[in-house]
Amino acid sequence: MDKVEGEAIWLTIGDAAQRTGVNPVTLRAWQRRFGLVVPKRTPKGHRLYGEYHLAQIEEILFWLNQGVAISKVKPLLKSSQTQAAAKPLAKQALTTEEQNLWLENIECLNQSCLDFNAAALNTKLTELSGLYPFSVLKNGLYWPWLNGLEGLLLGRPDAASIETWLIDELSARIAKRRLAQQQADAQMPHLLVELQGAKPINSLMMSLELIAYHISHNLVKVANVSELNFIVQRLNCSQVFVLPQPQMTSTETQALQDFMTSAGAKVHLVGSYAKVVNQALGMAHCDTPKLLALCGIAVPKQTEFSQQILSDVEGKK
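Note that the structure is a prediction, hence the values are computed from the model and not measured.

What to know about the layout of surface pockets
Now for step 1: Taken as a whole, the second largest pocket encloses approximately 570 Å³ of empty space.
Now for step 2: Among the elements that line the lining of the second largest pocket, the one with the most residues is helix α9 (residues 159-184), at six residues.
Now for step 3: Residues belonging to the lining of the second largest pocket are distributed by class as follows: 14 nonpolar, seven polar and four charged.

The following block contains the structure:
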């Protein structure tokens with residue numbers, strides 16, 4: 001953090017990213033392309049963000065999660081962050097163009113897959129990840145796209161080839177981001193484990209989510225839970241995140257429970273099937289942000305403003 005003469009403490013762009021979950025690349029793109037969240041500057045030109053900027057970021061995230069394109073957000077923003085200002089915002093309906101925002105991007109990604117066009121795929125994903133934080137992309141883009149792609153490929157003779165190609169492309173892309181994060185973080189990486197039988201796409205999405213929360217980690221795939229004790233000891237991991245299989249036998253569930261007891265590290269079940277397996281083990285389940293907070297990992301919190309808007313919207317349903 002930097003201290004500006006005559007002002008309170010201001011946040012650097014890295015600190016603002018940590019507080020809000022919006023990475024520095026995206027904050028710079030918002031400012032440069034759309035005039036959003038314009039920070040103060042130090043005499044040396046470094047960006048500084050105050051409470052007003054953080055509140056504006058939360059307001060932007062609200063609209064992005066409602067399906068508004070980032071290019072359409074600016075007219076919706078208000079200088080006042082009070083509940084009175086929030087109420088009229090929540091009443092505005094989305095245009096057809098805004099509702100089709102993700103559909104157009106999904107169609108572009110689908111065509112890239114059908115054409116085995118790695119350049120087009122990566123260009124589009126890079127463009128979108130530069131404009132939208134993962135919290136928005138996860139529900140607005142990734143899951144609708146990937147789930148819909150399964151249906152699109154159903155019955156095609158080249159379906160398996162396309163699915164394998166896509167997994168390989170996404171794996172390479174996300175591996176580069178994991179490596180960059182590990183190089184920037186001096187601490188020992190955590191461990192993300194994909195058990196045999198789990199869908200690879202689930203582990204990739206979980207890896208992206210951990211990256212979004214600035215959690216340095218390795219991703220490994222294991223055929224048998226019995227391998228994990230050796231891996232954890234060798235890597236000296238303090239936190240282990242395990243993606244369970246969609247269906248686990250009683251023997252597999254018992255092996256997982258034994259590992260969690262003897263691992264010498266904190267073990268957490270994550271992903272789409274974690275809730276079911278946690279229930280089978282008699283363990284409490286919570287979503288990723290809450291789980292990470294319980295692990296002592298800082299995660300972005302909703303501001304009072306965003307909570308008020310969401311309450312207003314829910315009250316009108």
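That was the structure; now back to the text.
Topic: empty space enclosed by the protein
Now for step 1: Scanning the entire structure with this criterion turns up two cavities of 30 Å³ or more.
Now for step 2: Its volume calculated, the largest cavity comes out at about 50 Å³.
Now for step 3: Forming the walls of the largest cavity are Ser129, Tyr142, Leu170, Arg173, Ile174, Arg177 and Leu208.
Now for step 4: Tallying contributions element by element places α9 first for the lining of the largest cavity, with four residues.
Now for step 5: Of the residues contributing to the lining of the largest cavity, the split by class is four nonpolar, one polar and two charged.
Now for step 6: By volume, the second largest cavity amounts to about 30 Å³.
Now for step 7: Classifying every residue of the lining of the second largest cavity by side-chain character gives five nonpolar, three polar and one charged.

So, how was this worked out
- Residues numbered from 1 in each chain as written.
- Predicted model: local features only at pLDDT ≥ 70, side-chain atom pairs only at ≥ 80, totals over all residues.
- Heavy atoms only, no water.
- 1 Å grid on protein atoms, 1.4 Å probe; cavity = no way out; pocket = protein on both sides within 12 Å on 5 of 7 lines; lining within 4 Å.
- Points joined across faces, edges and corners; volume = space filled by probe spheres on them.
- Helix = DSSP H or I, 4+ residues; strand = E, 2+ residues; numbered from the N terminus.
- Nonpolar A, V, L, I, M, F, W, Y, C, P; charged D, E, K, R; others polar.

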